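Residue-level listing of the chains:
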Amino acid sequence: AFYTIREMTREATYYFPITQLEHQAWCCTFIDILKRLHPQTASAMERNGSLTPDGLDPIFRHFFLPVMPYESVLRILDIYTYEGHKVIFRFGVALMCMFKKYMLRTRKQITSKDQWWKQLREYTHSSVFRFDILCKKAYGYHGNKLNKRLRFPRRRVLDRIIKLEKERARSEMQFEEIVTPPRPLGLMESDNIVLAKEAFLRSNLANWLTPSLRLTKLDLVYSTNVHGRALDLFYQHLKGCKQSILLCQVLDNNSTIGVFASHEWKKSSQTYGDGECFLFRLHPDPQCWKWKPDSNVSYFDEEESLDSDLTPSSSGILTSSSKSIALMEQFMVGHENFISMGGNDSGGSGFRLNEDLTRGESSEAKGFNNEPLPMLPNFEVGLVEVYQLTRAIDGKTSQQVIAESFRPTL
C-alpha cells in the first residue's frame with residue numbers, strides 16, 4: 001500500500017485531477033464520451049441535471065462510494081491503481097449505460113439528479129446488479145443481445161480529449177489560481193554542472209514542470225564537457241532516464257534553450273513521447289511552450305478509424321486528419337543522425353540537434369506553437385547537459401523506486 005500511494009503521488013496526473021481546472025476538464029471529457037457512445041443515456045442524464053461537472057460528483061469526487069457497494073468500489077480501486085484514471089471513465093460510462101437500460105425495463109421516471117443517484121444506488125445494491133457484467137461492459141465486451149462493440153477511446157485519445165477540454169475550460173471559465181513564487185529545483189552534487197547552476201533558472205524550470213515533479217532534484221547524467229560530443233554517447237548515458245531536461249548553450253547569442261522529455265531518449269524508427277513534453281528558452285527572456293491539441297481535429301473520428309476494417313496501414317492511404325494528428329504528435333524523434341522534438345509541414349522541428357551535437361535548428365512546431373527557441377532558425381551548439389529528475393527525499397529515480405516495489409522480500 002505504501003509503494004502504491006507513493007507512486008500515485010509521483011504520477012498524480014495519471015490517477016486524479018489535482019486542480020479545479022483539471023477536474024472540470026475530466027468531467028467535460030466524460031460528458032463528451034458518454035454523448036458519443038451512448039447519446040440516449042446522456043440525454044436522459046441531461047434532462048435530470050446529473051450530466052454536469054457538479055452532477056458527476058459521485059464519480060469524480062467520491063470515486064463511486066455514494067452509489068456502489070463497498071466491495072465493488074474496492075475491486076474498481078484495485079484495477080485503478082494499476083491502470084490509472086481511464087478506469088474511472090470506463091466504469092463510469094459502463095455503469096450509466098447499464099443503469100439507463102435497467103430504468104427502461106422498470107419504467108421508472110427520474111426528474112432530478114438526486115433521484116438519479118439514489119435510484120442508481122438502489123440498483124447497484126440489488127440482486128439484479130452484477131459486477132462481472134459491469135467489467136465486461138467497461139472493457140468493451142457486451143452481452144448476446146448486443147452485436148456492436150463499445151468503442152471506448154484508447155488512453156492516448158482520452159488524454160488528448162482531456163487536454164483539449166482543459167484548454168477550453170481555461171479560455172471559457174474563470175478559475176482562481178494560487179500564485180506562489182516557484183521554489184528552485186534542487187541539484188545533486190556534481191562539479192560538472194554549468195548551465196543549471198543559477199537558482200533563478202531552476203525556479204523557472206520548477207514553475208514549468210507539473211506539481212508532482214516540482215520537488216525533484218536535477219541529476220546530471222550527460223554533459224558534452226565530460227562524456228564527449230556524439231549522439232551515440234548521448235543515447236548511452238540516457239538509457240533508463242524516463243523523464244529528463246536537456247539544456248543547450250547557443251554560441252551565436254549566448255542563450256540557453258532546452259526541452260523536457262517525458263520518455264527516454266532512444267533510437268527508434270517511430271516517434272514517441274506524449275503531450276507532457278515541452279520546449280523552452282531559459283535565458284534570456286525565459287519562456288515555455290507546452291503542447292496543446294488541435295481543437296479542429298476530431299480525435300473520436302481517429303479512434304473509429306482505428307477500429308474499422310480499413311485502417312491506414314491496410315489501405316496505404318492516410319487521411320488529412322490522420323496526417324495532421326501524426327504531425328501534431330511528433331513529440332520525440334531519435335535517429336542515428338539527429339534528435340528532435342515537434343514538427344511542422346515544411347519538415348522543420350521545434351528543436352533539433354545533429355549527430356555530433358554541434359549544430360541545431362528551431363522553428364515553429366505544430367501543437368507547441370513556439371517561436372524559434374534561441375530567436376534564430378539555425379545555430380551553433382556549445383555545451384549540452386541532460387539532467388534526470390530524482391526524488392529530493394532520497395535521490396532515487398522513478399525507475400529505482402519501481403524496481404524496489406517489485407523486489408521480493410526474504
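All figures in this text were calculated on a predicted structure; none of them were measured in a lab.

A description of the environment of S203 should follow, citing residues and the corresponding values.
With respect to the secondary-structure elements, S203 resides in helix 11 (residues 199-208). In this structure, the C-alpha to C-alpha distance between S203 and R183, residues 20 residues apart in sequence, is 5.6 Å.

Please give an account of the nonpolar core that cites residues and values.
Ranked by internal contacts, the top residues of the largest apolar core, which has 46 residues, are F30, F64, M68 and M96. Going through the elements one at a time, helix 3 (20-37), helix 4 (39-48), helix 5 (57-60), helix 6 (70-83), helix 7 (86-106), helix 8 (113-124), helix 9 (131-138) and helix 10 (155-172) are the ones with two or more residues in this core. If one sorts the elements of this core by residue count, helix 7 sits on top with twelve residues. Ignoring any residue separated from it by four or fewer positions in sequence, one finds M96 in contact with F30, L34, T41, M45, I59, W116, W117 and L120. If you look at the next biggest cluster of nonpolar residues, it comprises 34 residues, including Y222, V259, I339 and L353.

Residues and numbers for a nonpolar patch on the surface, please.
Among the surface-exposed residues, L65, Y70, L74 and L77 lie close enough to one another that they form a single nonpolar patch of about 380 Å² accessible area. Here L65 is to be found in the loop between helix 5 and helix 6. The class for L65 is partly exposed, based on a relative accessible area of 45%.

How would you summarise the pattern of salt bridges if you had to cite specific residues and measurements?
Summed over the entire model, instances satisfying the criterion amount to 15 salt bridges. Between E329 and R156 there is a salt bridge, with the nearest N and O atoms lying 3.9 Å from each other. In this pair, E329 sits in the loop between helix 16 (320-328) and strand 7 (332-334) while R156 sits in helix 10, placing the two residues 173 residues apart along the sequence. For R156, a relative accessible area of 41% corresponds to the partly exposed category. Several salt bridges share partner residues, and in doing so they unite R156, R160 and E329 into one network.

Quick rundown of the confidence of the model for the chain? Include the residues and the values.
Looking at the chain, the pLDDT average stands at 83 and 80% of residues meet or exceed 70. Here residues 401-410 is modelled with pLDDT under 50, and outside its nearest four sequence neighbours on either side it reaches nine contacts, counting other chains as well.

Give a detailed account of the pairing of strand 9 (residues 351-354), specifying residues and quantitative values.
Of the two faces of strand 9, the one holding F351 and L353 is buried and the one holding R352 and N354 is not buried anywhere. Examined bridge by bridge, strand 8 (residues 338-341) and strand 9 share four bridges and lie antiparallel to one another. Within strand 9, the residue paired with F338 across the bridge is N354. The pairing of strand 9 with strand 10 (residues 359-361) spans two bridges and is classified as antiparallel. Paired with L353 across the two strands is G360, which belongs to strand 10. Once strand 9 ends, the chain turns through four residues before running back antiparallel as strand 10, passing L357 with a positive phi of about 55°.

For unusual backbone geometry, give the residues involved together with the corresponding values.
In this model, H283 is joined to P284 through a cis peptide bond whose omega is -10°. For P284, the position within the fold is in the loop between strand 5 (278-283) and strand 6 (287-290). Within the chain, N254 stands out as a residue other than glycine whose phi angle is a positive 60°. Among the secondary structure elements, N254 is positioned in the loop between strand 3 (244-250) and strand 4 (255-261). Not every positive phi belongs to a glycine, and D285 is a case in point at roughly 50°. Structurally, the position occupied by D285 is in the loop between strand 5 and strand 6.

Explain the packing of aromatic side chains residue by residue, including any values.
Tallied over the entire structure, the rule returns 20 aromatic pairs. Clustering of aromatic rings is evident, with ring pairs tying together F99, Y102, W116, Y123 and F129. Lying across the ring of Y272, K266 places its NZ or CZ 5.6 Å from the centre. Above the ring of F338, the side-chain terminus of R352 is found at 3.7 Å from the ring centroid.

Calculation notes
- Residues numbered from 1 in each chain as written.
- Predicted model: local features only at pLDDT ≥ 70, side-chain atom pairs only at ≥ 80, totals over all residues.
- Heavy atoms only, no water.
- Helix = DSSP H or I, 4+ residues; strand = E, 2+ residues; numbered from the N terminus.
- Core = buried A, V, L, I, M, F, W, Y, C linked by side-chain atoms within 4.5 Å.
- Buried < 20%, exposed > 50% of the residue type's maximum accessible area, 1.4 Å probe, protein only.
- Contact = heavy atoms within 4.5 Å.
- Patch = residues over 30% accessible without salt bridge, like charges linked within 9 Å, V, L, I, M, F, W, Y side chains within 5 Å.
- Areas by Shrake-Rupley, 256 points an atom, 1.4 Å probe, with all protein chains shown as cover.
- Salt bridge = Lys/Arg side-chain N within 4 Å of Asp/Glu carboxyl O.
- pLDDT = per-residue confidence, 0-100.
- Pairing = 2+ DSSP bridges.
- Phe/Tyr/Trp six-rings, centres within 6.5 Å; stacked < 30°, edge-to-face > 60°.
- Lys NZ or Arg CZ within 6 Å of the ring centre and 35° of its normal.

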